Amino acid sequence: MNDWDKLVTVEQMEEATNALLETGKKVGADSWQQRVKNQTPHCGFGEAGTCCRICTMGPCRITPKSPRGICGCDVHGIVARNYLRFTAGGAATHSDHGRSICHTLYQAKEGGAYQVKDAEKLTRIAHEWGIETEGRDIYEVAHEVAEVALMEYGKPFGVQRFLKRAPEHTQKLWHDAEIEPRAIDREVSQSMHMTHMGCSSLPEALIKQSLRAGLSDGWGGSMCGTEFSDVLFGTPKPVDTTANIGVMEKDMVNIIVHGHDPSLSEMVVFYANDPEMIALAKEQGAKGINVAGVCCTGNEVAMRKGIPMAGNFLQQENVVLTGACEAIVVDVQCIFPALGPLSKCFHTKFITTSPIAQMPDAEYMRFSEETAAENAKKIVRTAVLNFKNRDQSLVNIPQLKSKARVGYSVEAIKKCLDGVTNSHVDETGTLKPLADCVKSGVLRGAVAMVGCNNPKVRPDYAHIELMKKLLKNDIIVVVSGCSAQAAAKAGLMDPELAPQYCGEGLKRVCKLVGIPPVLHMGSCVDISRMMILAADLAKDWGINISQIPLVGCAPEWMSEKAVSIGNYVVATGIDTYLGVDPYSKGSTEVTELLQGETGCKEWVEAHYIVDTDIESLGDKMIADIEAKRAALAI
Ligand code: BF8
Ligand code: SF4
């Protein structure tokens, strides 16, 4: 049982995990902890990025004795090509998620499974894109906006429409460096073309394309994902919820939603509240139905519905190990194939729903926007009917649970700020009060902390310890993805509890504005929200994004998506701190382009800093923020 007056520690979480692993042993379950041991040590060529297998003359591995591949490509070309392919994988994944949200918007209709919840936002985007709204039915507008958004993926000419949201200075940097993303799919496709055998091996060209592909994600596909999810399911506003494994309920049917696309989870949540389903659950001997989230799906439904968050990436096996999970329902991305065999050790139904993420040992219940209602109902019913199959002797729900206030979209942040100032506010609000707090030094700056867990870093430790260090130094933290869940699990989003970990200035701001010091901005596609926040702050302040005392940080990242994100955050002018190397250390030239004073720094006024020592990563971020303040003479 955690003490509500204190943060939940990583040690407590590890203890809970160990207890769950004991249950796993009883039923012969495998675990990521064991598989890490089996995979260690990792391949040195892979880690350095110096293995090329893009043609069958290879694979070629670069060593001092064999400095070139068979085609003559040197180590810099190989590392840079691998880096671009890694980015393209991430950009494709985020953007395809965004595309599916556009399709959902296209399906929206009055009285249908999907409806327009934020008509004001839809109208705003329609105006931004020059789409007529006057006297038109909102669904007619929605369908046209959806179609135009879908065209952004494959349009033959021009650049991404959302780029215009960036400050003019940023747009000019992109234009001059020739990295403005054109059609989203084109950037992914061109990345694959450039990295084909016998195309680019010049690191500068490959790293520039990495930035461009990243931008097609952050200011293209991910932004579509975020914006149209808001239109369909509501723009998040502050809402109270709970987090950590203790949100699973002993006497209820537990349905875990996991993955990324809210089109599925929103429907599951809806039908879990259906009186007919609740009655069915009671008939089965349960007290009701509890839906909880894992990974970014967890963030999506927490932000909009206050649904509790059961855990982040490396806790996904834990929810099954509680023995109290009736169904783990997944859509796409970051889903361990291990959940199939693991669920077979328990009564848990592992339900896959997307043709994009099909796995062995799963029950595939295809979910599509056209038949969303009946699909979701069937999924909920399956979970409910599975309650009676629970083996009570295996049930162990560690009692770790923290309170969290989540739901800080840019709109919500502006609204909170409006509440405490008398400044004139236009219809979309202003970030001037935030700029004033930073200028006066009450807040020293901000860190956008994002990304995954990775067994290479003690899970959650880097996120939580870095956040605590930043808060103590009066640096406000905005978070998304699994970083957000790490904060929520620890209690850093509890507006009552967390301020005691802050410096005096930040504590005052939290109290005055009524916010926790760590602001949950959503899922990983919602890092596009952070780009808008940075862009609007720069505009309201009258400086460039790269001048703001703001840095990005992904201390435990692991996925291709995270590299794509890193590239667009850097390309937007925000220095980005990584706790895990992006397979680039094999090339001095690529390392210089990404982390040095040339390359990214010259093109977009920001670069990467990689440091696997978390303490020193934190020190460097604080020093960077203070240096930016000094440069502004504040
Ligand atoms: O997109 S932070 S482990 S869940 S990749 Fe995945 Fe990483 Fe979590 Fe969401 Ni993002
Ligand atoms: Fe080897 Fe060149 Fe083929 Fe890569 S492209 S596998 S370096 S021959």
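Calculation notes
All chains use their own residue numbering, which begins from 1 and follows the written sequence. As a convention, the first chain written is A and the first ligand written is 1, with the rest following in written order. Two thresholds apply to this predicted model, a pLDDT of at least 70 for residue-level local features and 80 or more for giving and counting side-chain atom pairs, whereas whole-chain, interface and lining totals are computed over all residues. Hydrogen atoms and water are omitted, and side-chain values are computed over all heavy atoms in the structure. A cutoff of 4 Å decides nearness: a residue is near a molecule or strand if any of its heavy atoms lies inside that distance of it. When residues are grouped by polarity, Ala, Val, Leu, Ile, Met, Phe, Trp, Tyr, Cys and Pro land in nonpolar, Asp, Glu, Lys and Arg in charged, and all others, Gly among them, in polar. Three exposure classes are used, based on accessible area relative to the maximum for each residue type with a 1.4 Å probe and protein chains only: buried under 20%, partly exposed in between, and exposed over 50%. Numbering of helices and strands runs from the N terminus; a helix is a DSSP stretch of H or I covering at least four residues, while a strand is a stretch of E covering at least two. Here, a strand pair is defined by DSSP locating no fewer than two bridges between the strands. When the strands point away from the viewer, a crossover counts as right-handed if the route from the first strand across the helix to the second turns clockwise. The term salt bridge refers to a side-chain nitrogen of Lys or Arg lying within 4 Å of a carboxyl oxygen of Asp or Glu. Each axis is a line fitted through C-alpha atoms, and for a helix only the stretch in contact is used; angles between axes span 0 to 180 degrees, taken between their N-to-C directions.

Okay, the site of ligand 2 next. Inspection of the region around ligand 2 gives Cys52, Ile54, Cys55, Met57, Gly58, Cys60, Gly69, Ile70, Cys71, Ile78, Arg81 and Met197 as its neighbouring residues. By residue class, the composition of the shell around ligand 2 is 9 nonpolar, 2 polar and 1 charged.

Looking now at the pairing of strand 5 (residues 289-294). Counting buried residues along strand 5, 6 of its 6 residues qualify, which places the element largely inside the surrounding structure. Judged from the 6 bridges that link them, strand 4 (residues 253-258) and strand 5 form a sheet pairing that is parallel. From the neighbouring strand, isoleucine 255 faces strand 5, where its bridge partner is valine 291. For the crossover from strand 5 across helix 12 (residues 295-305) to strand 6 (residues 309-311), the handedness is right-handed.

Once that is clear, we can look at the pattern of salt bridges. One pass over the full model with this rule turns up 47 salt bridges. Between glutamate 411 and arginine 124 there is a salt bridge, and its shortest N-O distance comes to 3.7 Å. With glutamate 411 in helix 16 (residues 410-418) and arginine 124 in helix 5 (residues 119-128), this pair connects stretches of sequence that are 287 residues apart. Since its relative accessible area comes to 26%, arginine 124 is described here as partly exposed. Between arginine 136 and glutamate 140 there is a salt bridge, and its shortest N-O distance comes to 3.1 Å. For arginine 136, a relative accessible area of 24% translates into the label partly exposed.

Read across the sheet, 6 strands follow the order 13-12-11-14-15-16 without closing on themselves; strand pairing throughout is parallel. Every interior strand has two partners, whereas the edge strands, strand 13 (518-520) and strand 16 (608-610), have only one. Going across the sheet, the axis of each strand differs from the next one's by a mean of 25 degrees, ignoring polarity. Where strand 11 (residues 445-449) and strand 12 (residues 475-479) come together, 5 bridges link them in parallel fashion. Pairing of alanine 446 across the sheet is with isoleucine 476, part of strand 12.

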